[in-house]
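Reading the structure
Chain by chain, the residues run as shown.
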Amino acid sequence: GRLPREELVAQLMQDAYDRYAGVDDGAVADYIPALAAADPALFGLSIVSVTGASHSVGDALHEFSIQSVSKAFVFALVCDALGPEAVLRQVGVNNTGLPFNSVMALELNGGSPMNPLVNAGALATTSLVPGATAQDKWTFVQTGLSAFAGRPLSLDDDVYASEAAHNRRNQAIARLLESYGRIAHDPLETTDVYTRQCSLLVSATDLAVMGATLADGGVNPVTGERVVDPSVCRYVLAALATSGLYERSGEWLFSIGLPGKSGVSGGIVTVAPGKGSLSTFSPRLDAAGNSVRGGLATRYLSGALGLNLFASR
Ligand code: GLN
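Since the structure is predicted, the reported quantities are computational estimates derived from the model, not experimental observations.

**Let's talk about the confidence of the model for the chain**
Looking at the chain as a whole, its pLDDT mean stands at 97, while 100% of the residues score no less than 70. At the level of chain-chain contacts, confidence expressed as ipTM amounts to 0.95, with global pTM at 0.98.

Here is the structure:
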């Protein structure tokens, strides 16, 4: 099946916006000044079907740094380039049960980064990106994420500078990975490429196109470009289901029944395989770093649009 007819989708999207626009629970990320300055009132929703049809409500065109949502798409590009077995072996696909920037998770698991959707695993994944130099890897990442979005994505220079000045913890995680022989490129250069990938500017609408490309077996439904192999999408969506919302991934799957990926700037992309993608943007986060209104709106729409993968009808 496909998404419901466009008039119904439009009405339910507006319902979701109206229901949750007034919620002000949670707090904007404040670990760097550039994110702490985000307007907490911003709220945007976007849906893109595998047919290319789209609908948006609220601040869906507002640009923000992609942050951890990038991890899903860099993982897809690396799976496509190296094959899923190599990534399974070197990164893993099990949940850590710990926060996204946990050092303890690495220590408790013998240096395994566990999965590509926490910082340790994302750093390991970025180190595997094709290219001999950091510049080659960055070009590959920026080109690949732009192909997912169907337009050239550019860096938020303020966010990048702010992150680069405050990334000692990620550098430490990369060094620790190195000590365990679990990073495939220079750790500080890898951290810099990772910091850049997190600083790419996207809108909720971009995220929905990116998610719809995963829903559509790797073909961007807006541009028609094949970005990754169909099998890659299955692997990526399975990894998102286990770990896309960090240590809250179980609760997310329990109430929403779809793979998703969040980031600390307030974006969430959710994928309905074979149907399309819903994305949300709202900067206030819960304690795990997931957008509060994004989770509420996604739960509502997954139910109302009949998208839960575990529903028998
Ligand atoms: N740039 C952030 C970091 O590495 C991204 C984390 C996130 O979105 N959860 O800490």
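**Some thoughts on the UniProt feature "binding site: substrate" (unreviewed entry) in the chain**
The feature "binding site: substrate" (unreviewed entry), as given by UniProt, occupies Ser68, Asn119, Glu163, Asn170, Tyr194, Tyr246 and Val264 in the numbering adopted here. Structurally, Ser68 is set in the loop between strand E4 (64-65) and helix H3 (69-82). Its 25 C-beta neighbours within 10 Å are what place Ser68 among the buried residues. Those residues in contact with Ser68 that lie beyond four places of it in its chain are Phe100, Lys261, Ser262, Gly263 and Val264. Relative to the helices and strands, Glu163 resides in helix H8 (residues 157-165). Non-local contacts of Glu163, meaning those with residues more than four positions away in its chain, are made with Ile32, Thr195, Cys198 and Ser199.

**Overview of the site of the ligand**
Lining the immediate surroundings of the ligand are Gln67, Ser68, Phe100, Asn101, Asn119, Glu163, Asn170, Cys198, Gly263, Val264 and Gly289. Here the shell around the ligand is built from residues that sort into three nonpolar, seven polar and one charged. Both domains that furnish three or more residues to the shell around the ligand are identified here as domain 1 (6-66 + 202-304) and domain 2 (70-198).

**A word on the pairing of strand E3 (residues 54-58)**
The element E3 is extensively covered by neighbouring structure, given that five of its five residues are classed as buried. In this sheet, E3 lies alongside strand E2 (residues 44-49) in antiparallel orientation, the contact comprising five bridges. Its bridge partner lying in E3, Ser46 is registered against Ser56.

**Side note on the domain arrangement of the chain**
How large an interface is tends to be reported as the accessible area lost when its parts come together. Domains assigned within the chain are domain 1 (6-66 + 202-304) and domain 2 (70-198). Each of domain 1 and domain 2 was reduced to a C-alpha centroid, and the two centroids are 21 Å apart. The interface is formed by 33 residues belonging to domain 1 together with 33 residues belonging to domain 2. If you list the elements that add at least two residues to the side of domain 1 that touches domain 2, you get helix H2 (33-36), helix H11 (204-215) and helix H12 (230-243). The greatest single-element share of the side of domain 1 that touches domain 2, amounting to seven residues, is contributed by H12. Classifying every residue of the side of domain 1 that touches domain 2 gives 19 nonpolar, nine polar and five charged.

**A word on the packing of helix H6 (residues 119-127) against helix H10 (residues 187-198)**
The contact between H6 and H10 brings their axes to 9 Å, and the two run at 105 degrees. Judged by the inter-axis angle, H6 sits roughly perpendicular to H10. Mapping the contact onto sequence places Ala122, Leu123, Thr126 and Ser127 in H6 and Thr190, Thr191, Val193, Tyr194 and Gln197 in H10. Along the lines of polarity and charge, the residues of the contact of H6 with H10 split into four nonpolar, five polar and no charged.

**Observations concerning the environment of Lys137**
With respect to the helices, strands and loops of the structure, Lys137 is situated in helix H7 (residues 134-149). With 25 C-beta atoms packed within 10 Å, Lys137 lands in the buried category. Between the C-alpha atom of Lys137 and that of Ala272, which follows or precedes it by 135 residues, the distance is 30 Å. Beyond its immediate stretch of four places on either side in the chain, Lys137 contacts Val129, Gly131 and Val193.

Conventions adopted
- Every chain is numbered independently, its residues counted from 1 as its sequence is written.
- Per-residue local features are limited, in this predicted model, to residues with pLDDT of at least 70; the limit for side-chain atom pairs, both in listing and counting, is 80 or more; totals at the level of whole chains, interfaces and linings are taken over all residues.
- Values of pLDDT, ranging from 0 to 100, describe the predictor's confidence in every residue of the model.
- UniProt positions are given in the numbering used here, feature names are shortened, and annotations may be inferred rather than shown by experiment.
- Numbering of helices and strands runs from the N terminus, with a helix taken as a DSSP run of H or I at least four residues long and a strand as a DSSP run of E at least two residues long.
- With C-beta atoms placed from the backbone, a residue is buried if 20 or more other C-beta atoms are within 10 Å of its own, exposed if 12 or fewer are, and partly exposed between those counts.
- We call two residues in contact if the C-beta atoms placed from their backbones are at most 7 Å apart.
- Using a C-beta atom placed from the backbone for every residue, we mark a residue as near a molecule or strand if that atom lies within 6 Å of it.
- Gly is placed with the polar residues, together with every amino acid not listed as nonpolar (Ala, Val, Leu, Ile, Met, Phe, Trp, Tyr, Cys and Pro) or charged (Asp, Glu, Lys and Arg).
- Those domain boundaries reflect an automatic or database domain assignment.
- If DSSP finds at least two bridges between two strands, the strands pair.
- Angles shown run from 0 to 180 degrees and are taken between the N-to-C directions of axes, each axis being a line fitted to C-alpha atoms and, for helices, limited to the stretch in contact.
- Note on terminology: angles under 35 degrees are roughly parallel, angles over 145 are roughly antiparallel, angles of 65 to 115 are roughly perpendicular, and the others are oblique.

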